[in-house]
Amino acid sequence: MPDMNLFDYMRSNTMERESPLASRMRPVSLDQVVGQKHIIGKDKLLYRAIKADKLGSVIFYGPPGTGKTTLARVIANTTKADFKQINATVAGKKDMEEVVKNAKDTLGMYGRRTILFVDEIHRFNKGQQDYLLPFVEDGTLILIGATTENPYFEVNGALLSRSRIFELKALEKEDIRELIRRAVYDQDKGMGTYNAQIHEDAVEFLADMAQGDARAALNAVELGILTTDRDKDGKIHIDLATAQECIQKRAVRYDKDGDNHYDTISAFIKSMRGSDPDAAVYYLARMLYAGEDIKFIARRIMIHAAEDVGMADPQALVVASGAAQAVERVGMPEAQIILAQAVLYVATAPKSNSAVTAIQEAMEAVRNEKIMPVPVHLQDKHYKGAAKLGHGAGYQYPHDFPNHYVRQQYLPDNLEGRVFYHMSDQGYEKNIQEFMGFLKK
């Protein structure tokens with residue numbers, strides 16, 4: 001048994017030395033944490049709860065690389081409670097049963113509670129989440145969940161009601177700068193023993209490209225130092241060119257099933273609706289860069305053309321529909337030009353949502369008001385026996401009248417005079433309004 005303990009100790013030390021820089025650089029105390037001052041500033045509830053070791057169940061929610069696991073590790077180093085960690089991508093019910101059993105024993109024998117950190121808790125299915133619920137409720141476990149997905153969608157309501165949710169934000173650029181410099185020059189946890197030097201323009205570039213993801217920045221620093229030859233002065237110089245090699249493409253946050261997907265498409269649509277072609281084409285570029293399905297984008301443009309441009313420029317739907325057909329035939333990368341043309345047309349077109357209000361009000365009338373017969377003169381007289389029943393009698397054919405128009409009743413009796421189409425005075429719809437006014441004089 002002593003040999004096994006020695007082996008475990010040596011393995012632990014080796015993993016500590018050889019683990020990725022981002023892992024080695026994780027702080028062990030609250031004072032070492034960079035960023036997230038909106039939740040762990042010294043006057044904030046979470047800071048006080050961790051310091052006082054009075055933490056209740058919490059869920060940390062935010063994009064990758066913002067410190068969710070880091071905060072859990074800090075809590076582990078601060079608390080007097082037992083601390084257990086599992087990852088929801090690999091843990092099963094057996095793992096949870098073992099944690100619960102140990103937690104009960106620890107509470108019963110020593111009066112100590114157990115904190116269970118579940119990384120990627122959104123990966124647990126409903127049954128797995130439900131299993132934890134009674135033990136969180138009776139205090140056997142204090143739950144810390146970490147998720148990149150919106151917990152209101154991915155975590156069941158019962159667990160949410162017993163937890164406080166803290167949203168972590170992408171780190172500020174200055175936070176990333178500080179972490180980069182610390183990683184390069186720190187002798188204990190960083191890469192200070194490599195005698196490396198990073199140029200300020202490289203720091204700026206990496207801090208910008210990381211997009212608030214500390215892990216992405218630190219991985220780039222590590223790669224740069226490990227793969228760059230020493231200069232004549234004996235130092236490893238991380239200049240701008242080296243930094244650009246280490247992050248060859250900006251990692252745009254865009255999970256097709258996550259919040260960033262919905263936020264970006266929302267901004268895209270609202271920019272077109274708001275007649276801002278620059279913002280609209282920018283969000284289009286973000287979606288394309290992140291690999292969004294071009295057919296999905298084309299569908300959203302078509303919907304917007306009908307919903308928000310509508311009768312103010314009926315050609316917008318024609319353009320959007322043509323673009324949708326064209327991108328399927330052409331594919332990327334040329335499809336981005338076709339989509340851009342459609343987006344710019346729709347964004348700069350006059351706007352009217354009269355088609356939306358018209359169908360909404362008409363649907364409301366159908367749902368809530370008595371369904372009366374179609375007026376007799378509008379009924380079909382051509383099917384067998386219809387004419388003998390008087391169907392179609394009295395119908396006036398508009399083309400027999402001046403301007404191809406004649407006033408007659410079209411709506412059922414109970415809706416006669418009801419207006420569903422409220423024309424705006426925008427774009428082509430202004431012409432429609434003038435024409436309809438002329439007809440009805």
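Bear in mind that the values here come from a model prediction, so they are computed numbers and not experimental data.

A. Layout of the pattern of salt bridges. A complete count under the given rule lists 16 salt bridges for this structure. For Arg-182, the salt bridge goes to Glu-178, with nearest N and O atoms at 2.8 Å. Of this pair, Arg-182 and Glu-178 both sit in helix H10 (residues 173-185), four residues apart, which is roughly one turn of that helix. Arg-367 is the salt-bridge partner of Glu-364, the closest N and O atoms lying 2.8 Å from each other. Of this pair, Glu-364 and Arg-367 both sit in helix H19 (residues 354-368), three residues apart, which is roughly one turn of that helix. Relative accessible area serves as the criterion here: at 54%, Arg-367 is assigned to the exposed category. Look at the salt bridges and you will find they share partners, linking Lys-173, Glu-174, Arg-177 and Glu-204 into a network.

B. Helix H15 (residues 277-289), seen in detail. The end-to-end C-alpha separation of H15 is 18 Å, in line with the 18 Å expected for 13 residues at 1.5 Å each. Gly-291, located one to two residues past H15, shows a positive phi value of around 90 degrees.

C. Examining the pairing of strand E2 (residues 82-87) more closely. Where E2 meets strand E3 (residues 114-119), six bridges bridge the pair, whose relative direction is parallel. Opposite Phe-83, over in E3, you have Ile-115 as the bridge partner. For the crossover that starts at E2, traverses helix H6 (residues 93-110) and ends in the parallel E3, the hand is right-handed.

D. Local environment of a nonpolar patch on the surface. A cluster of nonpolar side chains, namely Tyr-395, Tyr-397 and Tyr-410, defines an oily patch on the protein surface of about 340 Å² accessible area. Tracing the sequence through the fold places Tyr-395 in the loop between H19 and helix H20 (427-439).

E. Just the confidence of the model for the protein chain, in detail. Scored by pLDDT, the protein chain has a mean of 84; 91% of the residues are at 70 or more. Per-element confidence in the protein chain ranges from a low mean pLDDT of 47 for helix H1 (residues 2-18) to a high of 93 for helix H18 (residues 335-348).

F. Structural detail: the nonpolar core. Ranked by size, the top nonpolar core spans 31 residues in total, and within it Ile-176, Ile-180, Ile-198, Leu-206, Val-221 and Ile-225 carry the most contacts. Contributing elements (two or more residues each) for this core: helix H2 (21-24), H10, strand E6 (196-198), helix H11 (200-209), helix H12 (214-227), strand E7 (236-238) and helix H13 (240-246). In this view, Ile-225 contacts Val-184, Met-191, Tyr-194, Ala-196, Ile-236 and Ile-238; residues no more than four positions away in its chain are not counted. Among the nonpolar cores identified, the runner-up in size contains 28 residues, and Ile-265, Phe-296, Ala-335 and Val-343 belong to it.

G. Looking closely at unusual backbone geometry. Cis peptide bonds are those with omega within 30 degrees of zero, and the linkage from Met-332 to Pro-333 qualifies with 10 degrees. Summarising the element assignment, Pro-333 is placed in the loop between helix H17 (315-330) and H18. In this model, Gln-36 sits at a positive phi of 60 degrees, which is unusual for a non-glycine residue. With respect to the helices and strands, Gln-36 occurs in the loop between H2 and helix H3 (37-40). Residue classification places Gln-36 among the buried residues on the basis of a relative accessible area of 7%. Phi angles above zero are rare outside glycine, and Asp-53 is one such case at about 55 degrees.

H. Up close: the packing of aromatic side chains. Evaluation of the coordinates by the stated rule reveals four aromatic pairs. With 5.2 Å between their ring centres and 65 degrees between their planes, Tyr-282 and Tyr-283 make a pair best called edge-to-face.

I. Region of interest: the pairing of strand E1 (residues 58-61). With burial as the criterion, each face of E1 is covered, one bearing Val-58 and Phe-60 and the other bearing Ile-59 and Tyr-61. Note: E1 against strand E4 (residues 141-147), four bridges, orientation parallel. Bridged to Ile-59 within E4 is Gly-145. Note that E1 and strand E5 (residues 164-167) share four bridges and pair parallel. Bridge assignment links Val-58 to a residue of E5, and that residue is Arg-164.

How each quantity is defined
- Residues numbered from 1 in each chain as written.
- Predicted model: local features only at pLDDT ≥ 70, side-chain atom pairs only at ≥ 80, totals over all residues.
- Heavy atoms only, no water.
- Salt bridge = Lys/Arg side-chain N within 4 Å of Asp/Glu carboxyl O.
- Helix = DSSP H or I, 4+ residues; strand = E, 2+ residues; numbered from the N terminus.
- Buried < 20%, exposed > 50% of the residue type's maximum accessible area, 1.4 Å probe, protein only.
- Expected span 1.5 Å × (residues − 1).
- Pairing = 2+ DSSP bridges.
- Right-handed = clockwise from strand over helix to strand, strands pointing away.
- Patch = residues over 30% accessible without salt bridge, like charges linked within 9 Å, V, L, I, M, F, W, Y side chains within 5 Å.
- Areas by Shrake-Rupley, 256 points an atom, 1.4 Å probe, with all protein chains shown as cover.
- pLDDT = per-residue confidence, 0-100.
- Core = buried A, V, L, I, M, F, W, Y, C linked by side-chain atoms within 4.5 Å.
- Contact = heavy atoms within 4.5 Å.
- Phe/Tyr/Trp six-rings, centres within 6.5 Å; stacked < 30°, edge-to-face > 60°.

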